[in-house]
Amino acid sequence: MEKTRGREHFESLYKKNLELTKKQVKESVNEDSFIAHAIGNVGELDKAINLLSKRLREWYALYNPEMERETGEHEKLVQAVLENKGKREKNSMGAEISSGDLSQIMLLAGQIKELYDLRKKHESYLEEIMKKHCPNMLEVAGVLISAKLLEHAGSLRRLMMMPASTIQILGAEKALFRHLKTGKKAKPPKYGILSQHPLIGKVKKEEYGKVARTLADKISIAVKVDYFKGKFIGDKLKEELEKKFQ
Amino acid sequence: MAKIQKSKIFEVYEAEEEKRKLLYTINLTPEVKVYDEILTKQDNIEYRRWDPYSSKLAALILKGCPNIGFRKNDIVLYLGSASGTTVSHVSDIVGKEGFVFAVDIAPRVMRDLVFVCEERKNIAPILADANRPESFADRACEVDIIYQDIAQKNQVEIFLKNIKLFLKNNGYALLAVKARSIDVTKNPKDIFKEVKKVLEKSLTIIDFRPLEPFQKDHCMFVCKK
């Protein structure tokens, strides 16, 4: 290491470091960053859609309470509001409102529909990008869970370095540290992000932990294969999983 | 407005306001803010307010540390620079003739730091892993003082490695210990004691201060090689 001091020396060090760092920052962007932002925005959109849909529900119910009550899902309600174009049953309980009042409701419904479309576009973008980036994990865990795992770990490399037990409870940090701090009083979490996997919903409650553990194992294998660009074994892993919990 | 005057610490200024002590450094780049700090002008010199709640070094001074080691014209190695909040004040302290090497591993915060460095010609950004000091040895040089604020489990080990490689003899080294990132389950006080034991083996500890109430479960060691 150099020991030289003096102003000219620092000037060259400054220039060299600034240039190098700028280059490094430029090169640090990869698929992982795009995936993290896309899945982050899916979460953001879900929150926004839910908030706006609730408002739409209450607002539209002033005019057509019968249909609001009939339609359960937010997305369907938005669709119905847009398709109905202000028609309703003749003896409806809803108030008589002017076309100006109704137009605002329609505008809101239109915006929510746009948000739903954006979310769908994000999802298909994620699927496309991950088919190249981590095909095995995509096959085993599905689009949203894989993306969330990647976002949580920070990069494919870091997710690859994690043991399966860490992957299993990724996203349940609060519960994990509560358990570690209080000892036996709080039970350790069984799963974090993995709880959204369809396989966990299929089995009995007693088997939730078991499924999460096996699922995490398979994901861990899949990620390792993905990182080192191995052969596609996702379908095999998935088959093994499904066979085990039938 | 209370008058800003010299404090006991080199190049750091203070003012009394509503029984609170406020810290300032002279702004190296007049009229340019680094974060959303408050700029105050007095006698044609511009000062930047130094917030102890966002900077552990400022907290250390307010906790009454008599000597933080930083002086004008010093060459500093700053590990864990983040977006450059504290780094900018260190750059104020060492002045135009001094120099700061700011090391961080995360590209995201480095992006912000690069903009700070473009304003301040005495900070050199280094995007590298402080855990492997050899990896950026050719980008830095021997330094007068090392300051480390890294939230890693092996932060003490990292600190000692960097001291061995970069710090001159009799140089100062400051370590901000985040107890929660060493072990969440243990009592912070026990962790501080353990850290103290390790540091004592190779360094002389000049000062040790917990940073309550400014920073929770943090403490700062001031050592000398």
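**As for the interface of chain A and chain B**
Working step 1: The partner chain B presents 32 residues to the 21 residues of chain A that form the contact.
Working step 2: Carbon and sulfur atoms supply 62% of the area that chain A and chain B bury against each other, a total of about 2300 Å² over both sides.
Working step 3: There are one salt bridge connecting chain A and chain B.
Working step 4: For Lys22 of chain A, the salt bridge goes to Glu118 of chain B, with nearest N and O atoms at 2.4 Å.

**Thoughts on the domain arrangement of chain B**
All names here are of chain B.
Working step 1: With domains assigned, chain B is organised as domain 1 (5-53) and domain 2 (59-224).
Working step 2: For domain 1 versus domain 2, the distance between C-alpha centres works out to 21 Å.
Working step 3: In this assembly, 19 residues from domain 1 lie in contact with 26 residues from domain 2.
Working step 4: Each partner contributes to the roughly 2100 Å² buried at the junction of domain 1 and domain 2, and carbon and sulfur atoms together form 68% of this total.
Working step 5: Among the residues domain 1 hides against domain 2, the three largest losses belong to Ile9, Leu28 and Pro52. Together they make up 29% of the total.
Working step 6: At the junction of domain 1 and domain 2, the tally comes to one salt bridge.

**Describing the packing of aromatic side chains**
All names here are of chain B.
Working step 1: Under the counting rule described, the total for this entry stands at 13 aromatic pairs over all chains.
Working step 2: Here the aromatic rings of Tyr13 and Tyr47 are separated by 5.3 Å at their centres, their planes lie at 65°, and the arrangement is edge-to-face. With Tyr13 in strand S2 (residues 13-17) and Tyr47 in strand S5 (residues 45-50), this pair connects stretches of sequence that are 34 residues apart. No difference in accessibility class separates Tyr13 from Tyr47, as the two residues are buried.

**Focus: the state of the cysteines**
Here, disulfide denotes a covalent bond that connects the sulfur atoms of two cysteines.
Residue and element names in this part refer to chain B.
Working step 1: As enumerated under the stated definition, the model contains zero disulfides over all chains in all.
Working step 2: Cys141 takes part in no disulfide bond, and the closest cysteine sulfur to it belongs to Cys117, at a distance of 15 Å.
Working step 3: Looking at Cys141, the relative accessible area reads 0%, which means it is buried.

Rules used throughout
- Residues numbered from 1 in each chain as written.
- Chains lettered and ligands numbered in written order.
- Predicted model: local features only at pLDDT ≥ 70, side-chain atom pairs only at ≥ 80, totals over all residues.
- Heavy atoms only, no water.
- Contact = heavy atoms within 4.5 Å.
- Buried area = accessible area lost by both parts, 1.4 Å probe.
- Salt bridge = Lys/Arg side-chain N within 4 Å of Asp/Glu carboxyl O.
- Domains from an automatic or database assignment.
- Phe/Tyr/Trp six-rings, centres within 6.5 Å; stacked < 30°, edge-to-face > 60°.
- Helix = DSSP H or I, 4+ residues; strand = E, 2+ residues; numbered from the N terminus.
- Buried < 20%, exposed > 50% of the residue type's maximum accessible area, 1.4 Å probe, protein only.
- Disulfide = S-S within 2.5 Å.

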